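Structure assessment
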Amino acid sequence: TKEHVANVAPGQTIKHYAPRIPSFLIKTTTTTTNNNSSNNNNHVVSVPAVEDDSFTSLLKNVVVIDFGGALSPWEPYSLAYRDLSASGNAKEAAACVFECLRWSETIEGASKVYFPEI
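Read on for an overview of the structure. Each chain has its residues counted from 1, running along the sequence as written. Per-residue local features are limited, in this predicted model, to residues with pLDDT of at least 70; the limit for side-chain atom pairs, both in listing and counting, is 80 or more; totals at the level of whole chains, interfaces and linings are taken over all residues. Excluded from the side-chain calculations are hydrogens and water; all other atoms, namely the structure's heavy atoms, are used.

**Focus: helix 2 (residues 90-104)**
Taking 1.5 Å of rise per residue, 15 residues should cover 21 Å, and helix 2 covers 20 Å from first to last C-alpha, within 8% of that figure. Axes are fitted to the seven residues ending at a residue and to the seven starting at it; the angle between these axes is taken as the bend at that residue. Put simply, DSSP marks the helices as runs of H or I at least four residues long and the strands as runs of E at least two long, and each gets a number from the N terminus on. At Cys-96, helix 2 shows its maximal kink, close to 45°. Per-residue accessibility, obtained with a 1.4 Å probe over protein chains only, is compared with the maximum for each type, and a residue is labelled buried under 20%, exposed over 50%, and partly exposed between these values. Taken together, the buried positions of helix 2 are Ala-93, Cys-96, Val-97, Cys-100, Leu-101, Trp-103 and Ser-104. Contact between two residues is taken to exist if any of their heavy atoms lie within 4.5 Å; hydrogens are not considered. In this structure, the buried side of helix 2 is in contact with strand 1 (23-26), strand 4 (62-66), strand 5 (80-83) and strand 6 (112-116). The length a helix should cover is 1.5 Å for every residue beyond the first.

Structure representation (structure tokens):
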């Protein structure tokens, strides 16, 4: 599109940013369980286990950009790790997401970026 033409959708500007490293959303699973001691439901978020050596070896070239600690078990196995907001604050995370993507491009040896589904 020309710079003076109004855009009708995101990503149409000439200066649109896209990371140079392939980036992937990692789906976490949420399971609802009943707690017998009360009427409240507990929400359990799980990510793939890190006990598998073949899985952890895949993470050695991966930059993990986390949100609320969803992928924190992967931190020791990843090439680099940052949490957009350890407390899960969406406003805080939104303010630094592009800075973190640009940071991931500076990590030598990085082949992928993983984000948790938010």
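Having seen it, we continue.
**What about the sheet that holds strand 1?**
Ordered in space as 1-6-4-5, the four strands form an open sheet in which the pairing is parallel. The open sheet has two free edges, formed respectively by strand 1 and strand 5, since each of these has just one partner strand. Here the strands of the sheet are splayed against their neighbours by 20° on average, with no regard to which way each runs. A pair of strands is considered paired only if DSSP assigns at least 2 bridges between the two. Of the pairings in the sheet, the one linking strand 1 to strand 6 comprises four bridges and is parallel in character. Paired with Leu-25 across the strands is Phe-115, a residue of strand 6. To get an axis, a line is fitted to the C-alpha atoms, and for a helix only the part in contact is used. The angle between two axes follows their N-to-C directions and goes from 0 to 180 degrees.

**So, the packing of aromatic side chains**
The pairing test for Phe, Tyr and Trp rings, Trp by its six-membered ring, is centres within 6.5 Å, and the orientation test on the planes gives stacked under 30 degrees, edge-to-face over 60, and tilted for anything in between. Counted under the stated rule, the structure contains two aromatic pairs. A ring pair is formed by Phe-24 and Tyr-114, whose centres lie 6.1 Å apart and whose planes are at 80°; its orientation type is edge-to-face. Taken together, the residues Phe-24 in strand 1 and Tyr-114 in strand 6 connect sequence positions 90 residues apart. Since its relative accessible area comes to 37%, Phe-24 is described here as partly exposed. What makes Tyr-114 buried here is its relative accessible area of 13%. When the ring of Trp-74 is compared with that of Tyr-114, the centres are 6.1 Å apart and the planes differ by 65°; the resulting orientation is edge-to-face. Of this pair, Trp-74 sits in the loop between strand 4 and strand 5 while Tyr-114 is found in strand 6, placing the two residues 40 residues apart along the sequence.

**A word on the nonpolar core**
To qualify as a nonpolar core, a set must consist of buried Ala, Val, Leu, Ile, Met, Phe, Trp, Tyr and Cys residues joined through side-chain atoms within 4.5 Å. Among the nonpolar cores identified, the biggest contains 17 residues, and Val-63, Ile-65, Leu-84, Trp-103, Ile-107, Val-113 and Phe-115 are the most heavily contacted of them. When residues of this core are traced back to their parent elements, those giving at least two are strand 4, helix 2 and strand 6. Counting residues per element, this core draws most heavily on helix 2, at six residues. Beyond its immediate chain neighbours, meaning those up to four positions away, Leu-84 contacts Ile-65, Asp-66, Phe-67, Glu-92, Ala-93, Cys-96, Val-97, Cys-100 and Phe-115. In terms of nonpolar packing, the next biggest core, distinct from the first, is built from nine residues, Phe-55, Leu-71, Trp-74 and Tyr-114 among them.

Honestly, it's all geometry; don't read function into it.
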